[in-house]
Every structure is written in structure tokens, then in C-alpha cells.
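# Structural description and commentary
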Amino acid sequence: MAGITPNKRDSFGSKFGVIAAAAGSAVGLGNIWKFPYEVGNNGGGAFLVFYLIFVILIGIPVMTSEFIIGRNAQRNAIGSFKFIKPGKPWFLIGIMGIGAAFMIFAFYGSVAGWTLEYIFQAVKNGFAEKSPAELTDQFDTFVSHPLRPVIWQVIFIALTAGVVLAGVKNGIEKYTKILMPLLLVIILILIIRSVTLPGAGEGLKFLFKPDFSKITGSVILSALGQAFFSLSLGMGTIITYGSYINKKNNLGSTAIQVSIADTLIAILAGVAIFPAVFAFGINPSQGEGLVFVTIPNIFQQMPGGYFFTLIFFILLAVAALTSTISLLEVIVAYFSEEYKISRKKATLYSSLIILVLGVLCTLSNGGVLAEFKIFGRNIWGLLEFTSADILLPLGGLFIVIFVGFAMGSKRVKEELTSQGTFKGKLIPLLMFLVRFIAPIGIALVFLNIIGLLNFG
Ligand code: PHE
């Protein structure tokens, strides 16, 4: 172990700081970019129903479990398992998580880079008077350019590294506290315009009226993957942030609050996007470009559109940044604590690896590597599917089994009640979810997709 003693660790200052940082990790492109396009690709309302069920029955128990592990061990995502169960293979969960962090950052950094391009275009008034078709064209041309998206991606990775170098308290906490509430306000403004467009009702129907005939095993797996991805679960981010949480904090209620905030933002993003998608005749399953085409279009239909578009993309970039910070922090905490190298070195080296992997991702998205396929997917698609839909739920499965059966109920209870500070009336219910509902739920989704069991 790297000789880290609990009291030497950096920690979050206030209760709001913890929630803000965890929510900052959770709320990001997953809510505003990925959620709408997953809903669009997976048939609308029925996807949403499964998503919500998974957040409540699986997401909240997994998040609480990760907080428990991190705060109890006061260590990184791998060190925590080694500390709690030395000499046992549980630390492999952490290794899987670090792997997932690299993969996610690779494609996530690419999309985060797009937000910078869109800020740049917003400043230049580069969306003015453009039709949905022209905006789609603009998006496609940009993302398949051999250099432009790569440059923005490099800038974004450098920004992330800069904040992570500044440390937990000065870096992460400060930024999230102010800017997340502002993002919520701007989404509300978008919603007002979107739902008052002629034909908006179709979009609301698409989002909220489930058509269960659209449900297949792969739709269910996507909903589960999206729940994990959006809540930053299954890979050690929340373990790592948990290790910075003050001993007095109520972990269960923090998990619930973060999950509610994250889910609310995703749904609101959907309410902003889909009415406009239908009103403008945009294809809801057009994929990654959905938000980047729709949002500038909505703002064009309102006074002050120039200004709002600009603010929106700035806030989206910030939301992405607070998420990439948490991805990088998982990796840096691991390398700096376990290998006794400085945070600076750990940040530098891991950023370089992310950069290489990330550029490959970007170039596979319509660029020079577009035709290169593995298992029928390009590099981007492969990393996105493997991390979000496979590694995160699998990590979550082992995490709840660990907390439910291996960690020891005394330790778990100590964390849940903060050494007896809270009564913990809901602990039996929570432990039932952790021990049985969450693992069985995840296992069923996997079995279903493998085809051993077929519900869908
Ligand atoms: N939850 C983040 C988002 O929604 C993405 C993320 C996934 C961050 C996993 C950290 C870990 O944008």
C-alpha cells in the first residue's frame, strides 16, 4: 500500500461540496448528449421506463455501495479492495474500472472536444439561418475532419489534466458548485421554447408514451448501460470520490440526492430535445449528432438565440469537464497512491495514454479509421459498447456482491450510519436491494442478452 494514511488525504469541504462533486461527475454529456440519442435509437418511452427502473433498483444501491467502499477504505478504486479484503481477488473489480475509465475518457473526450468547437461556432454566429439539414451537414463535416476534432480533443484533455493537478478541493469542488445550477436554468429556458413549437406534442409522446413492442434484449441492455454511465457507476469513480467524503456525511441520502439530480437533468434534456426534434422533422435516431443539430436549431427560433447558444455550449463543456475530471481522478488516484509516483507524473502519463486512445476513437468516427472494424464496430463503437454496456454493469454486479456478502455487515453498517450518527431506518431495505435485487437484476439483463433466457 502506498503509505497513505486517512488523515493525509484531501477531502471535500462541505456537504454541498460532496454532492456537487459527485453530481458534477454524474451530470455531463451522458445526460445531455448520450441520453437523448439512446432514447432516440431505442424507441423512446419504453427505454425511459427501463432506465428509471434501473436507476432506482440498481443505480442507487450500487452508488451507495461504492461510497461505502471508498469511505471505509480511504483509498483509490483498486487499493480499497486490497485494503478491505487483502490477498483476495476482489481488487480485480478496480482493475476493470481503471480500464473502463481509459476507454470512456477516450470517446468522451472526443465529444467534449466537439462542445469546444460549438462554442467557437457560437461565437462566430456560425449557426445563423441554417436549416436542420444544413446543421446536420455542418456537424458531419466537422466530426469527420481529420484534424479539427483532434485539436479540440487535445485541448480538452489538457484542461482536465490542469484541474486534476490542482487537487480535489481547489479544483473539483470550486467549479461544480456554481455552474451546475446554471446549467439547469438554461435547460429550463430551452424547454420553454421547445414545447411551444408547433408539433411539439409528438416529441413528448415519443418520450413519455411507452411502446413496449419496441423492447428487445439490446434495448434493455442499453438502458442498463445508460443508467450506469449516467450515474458514473461500476468503475470506481464513486469509490474514489467516496474516499474523499467526510466521515459524518450520510452516504445513503447523498446517493439518493445525486441520483435524483442526475435523472432529473437527463429527463429535462429529453423534454428540451424531443419536441424540437419532431417539430423540425429531425430523425430521432440519427445518433451522435442529435443534440448538436437540434439545440442550435431551437435557439435560432427565439430572441437572444445567439447569446443562449453560446452560454449553453459553455455550460455543456463545463458539465463535460466535471465528468472528465472524475474519470481522470480515478486513474491518477490509483497510480499515485499505489506506485508512489507524484500526482503530477501520474496525471501526465495517464493523459498521454488517454490522448492516444482518444485520437484513435476520433479518427474512427468518419475519419481515416472509419472503415477499420472489430466485431463489426469501429474503434469508437467498440470502446463505447465495451465500457458502458459491459464493464460498468459487470463492475456494478461485483461491487454490490462485495458489499452485500464479502465486506462484513459491521463495516457496512458503520459507514451507513456514520458510526452511529444516523439511525438508518432504511438500511434493511437498502441492504435487500444491494444483496438481492441489484445483482439479480444485472445478471438477468446479461443472461437475456446472451440468449440463455429470453424475455424480450
Ligand atoms: N456520468 C458521466 C456523464 O453522464 C460520465 C461518466 C461515466 C463519468 C463514468 C465518470 C465515470 O456524463
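Use the structure listed above.
These numbers come from a predicted model, not from an experiment. (Residues numbered from 1 in each chain as written. Predicted model: local features only at pLDDT ≥ 70, side-chain atom pairs only at ≥ 80, totals over all residues. Heavy atoms only, no water.)

## Observations concerning the overall build of the protein chain
Within the protein chain, the secondary structure is distributed over 18 helices and 0 strands. Against the compact-globule benchmark of 23 Å for 456 residues, the protein chain has a radius of gyration of 21 Å, which places it among compact chains. With respect to the three principal axes, the spread of C-alpha positions in the protein chain is 60 × 45 × 40 Å. Each of the 456 residues in the protein chain was classed as buried or not, and the buried ones make up 60%. Within the protein chain, residue pairs in contact and separated by at least 24 positions form 82% of the contacts whose partners lie at least 6 positions apart. A total of about 17,200 Å² of accessible surface is found on the protein chain, and carbon and sulfur atoms cover 69% of it. (Helix = DSSP H or I, 4+ residues; strand = E, 2+ residues; numbered from the N terminus. Rg over C-alpha atoms; globule rule 2.2 N^0.38 Å. Buried < 20%, exposed > 50% of the residue type's maximum accessible area, 1.4 Å probe, protein only. Contact = heavy atoms within 4.5 Å. Areas by Shrake-Rupley, 256 points an atom, 1.4 Å probe, with all protein chains shown as cover.)

## So, the site of the ligand
Taken together, 15 residues lie near the ligand, and Ala-26, Gly-30, Tyr-108, Phe-229 and Ser-232 sit nearest. In this structure, an oxygen atom belonging to the ligand sits 2.8 Å away from a main-chain N or O atom of Gly-30. Ser-232 places a polar side-chain atom, nitrogen or oxygen, 2.9 Å from a nitrogen atom of the ligand. Its free accessible area being 320 Å², the ligand has 100% of it covered by the protein chains. For the shell around the ligand, the secondary-structure elements that each account for two or more residues are helix 1 (15–26), helix 2 (29–41), helix 10 (217–230) and helix 14 (305–338). Residues of the shell around the ligand, tallied by class, amount to 6 nonpolar, 9 polar and no charged. (Near = heavy atom within 4 Å. Polar contact = N/O pair within 3.5 Å; in protein donor to acceptor, adjacent residues only side chain to side chain. Nonpolar A, V, L, I, M, F, W, Y, C, P; charged D, E, K, R; others polar.)

## Section: the packing of aromatic side chains
For the coordinates displayed, the defined rule picks out 32 aromatic pairs. Look at Phe-206 and Phe-278: their rings are 5.3 Å apart centre to centre, the planes differ by 45°, and that puts the pair in the tilted class. In this pair, Phe-206 is assigned in helix 9 (residues 200–208) and Phe-278 in helix 12 (residues 251–280), connecting sequence segments 72 residues apart. Owing to a relative accessible area of 29%, Phe-278 belongs among the partly exposed residues under this scheme. Plain terms: the ring middles of Phe-299 and Phe-312 are 6.1 Å apart, the flat faces sit at 55° to each other, and that makes the pair tilted. With Phe-299 in helix 13 (residues 290–300) and Phe-312 in helix 14, the pair connects residues that are 13 residues apart, well separated along the chain. Taken individually, Phe-299 and Phe-312 each receive the classification buried, so the pair is uniform in this respect. For Arg-435, the ring lying beneath its charged end belongs to Phe-405, and the centroid distance is 5.5 Å. (Phe/Tyr/Trp six-rings, centres within 6.5 Å; stacked < 30°, edge-to-face > 60°. Lys NZ or Arg CZ within 6 Å of the ring centre and 35° of its normal.)

## Notes on the environment of Ile-401
With respect to the element layout, Ile-401 can be found in helix 16 (residues 379–406). The class of Ile-401 is partly exposed, set by a relative accessible area of 27%. Measuring from C-alpha to C-alpha, the distance between Ile-401 and Thr-216 comes to 27 Å, with 185 residues separating the pair along the chain. Setting aside anything within four residues of it in sequence, one finds Ile-401 in contact with Trp-90, Ala-406 and Pro-439.

## Examining helix 10
Its 14 residues place the ends of helix 10 20 Å apart at the C-alpha level, agreeing with the 20 Å of an ideal helix rising 1.5 Å per residue. Just beyond helix 10, the residue with positive phi is Ser-232, at close to 60°. (Expected span 1.5 Å × (residues − 1).)

## Side note on the side chain of Thr-237
Its place among the elements puts Thr-237 in helix 11 (residues 237–242). Those residues in contact with Thr-237 that sit more than four places away from it in its chain are Ser-25, Glu-66, Ser-232, Ser-326 and Val-330.

## A word on the side chain of Ser-65
Secondary-structure assignment places Ser-65 in helix 3 (residues 45–73). The class for Ser-65 is buried, based on a relative accessible area of 0%. Setting aside residues up to four positions removed in sequence, Ser-65 forms contacts with Ile-399, Val-400, Val-403 and Val-434.

## A short note on unusual backbone geometry
For Lys-340, which is not a glycine, the phi torsion comes out positive at approximately 50°. For Lys-340, the location among the structural elements is in the loop between helix 14 and helix 15 (343–363). On the basis of relative accessible area, Lys-340 is assigned to the exposed category, the value being 61%. You will see that Ser-418, though not glycine, has its phi angle at about 50°, which is positive. Along the chain, Ser-418 turns up in the loop between helix 17 (409–416) and helix 18 (427–450). Judged by its relative accessible area of 2%, Ser-418 is buried.

## Remarks on the environment of Ile-178
Considering the arrangement of structural elements, one finds Ile-178 in helix 8 (residues 168–195). For Ile-178, a relative accessible area of 60% translates into the label exposed. Along the chain, Ile-178 and Glu-371 lie 193 residues apart, while their C-alpha atoms are 43 Å from each other.

## So, the pattern of salt bridges
Per the counting criterion, the structure on display carries 9 salt bridges. Between Glu-384 and Lys-34 there is a salt bridge, and its shortest N-O distance comes to 3.2 Å. With Glu-384 in helix 16 and Lys-34 in helix 2, the pair connects residues that are 350 residues apart, well separated along the chain. This pair shows no difference in class: Glu-384 is buried, exactly as Lys-34 is. (Salt bridge = Lys/Arg side-chain N within 4 Å of Asp/Glu carboxyl O.)

## Focus: the packing of helix 2 against helix 5 (residues 91–123)
Where helix 2 meets helix 5, the axes come as close as 12 Å, and the angle between the chain directions of the two elements is 95°. In this view, helix 2 runs roughly perpendicular relative to helix 5, as classed from their interaxial angle. Between helix 2 and helix 5, the contacting residues are Leu-29, Gly-30 and Trp-33 on the first element and Phe-107, Tyr-108, Val-111, Ala-112, Trp-114 and Thr-115 on the second. Considered class by class, the residues forming the contact of helix 2 with helix 5 number 7 nonpolar, 2 polar and no charged. (Axes fitted to C-alpha atoms, helices over the stretch in contact; angles between N-to-C directions. Parallel < 35°, antiparallel > 145°, perpendicular 65-115°, else oblique.)

## Quick notes on a nonpolar patch on the surface
On the surface, Phe-405, Phe-432, Phe-436, Ile-440 and Leu-444 cluster together into a nonpolar patch covering about 480 Å² of accessible area. The biggest single contributor to the nonpolar patch is helix 18, with 4 residues. Along the chain, the position of Phe-432 falls in helix 18. Taking the relative accessible area as the measure of exposure, Phe-432 reaches 43% and is therefore partly exposed. (Patch = residues over 30% accessible without salt bridge, like charges linked within 9 Å, V, L, I, M, F, W, Y side chains within 5 Å.)

On their own, these measurements won't tell you what the molecule is for.
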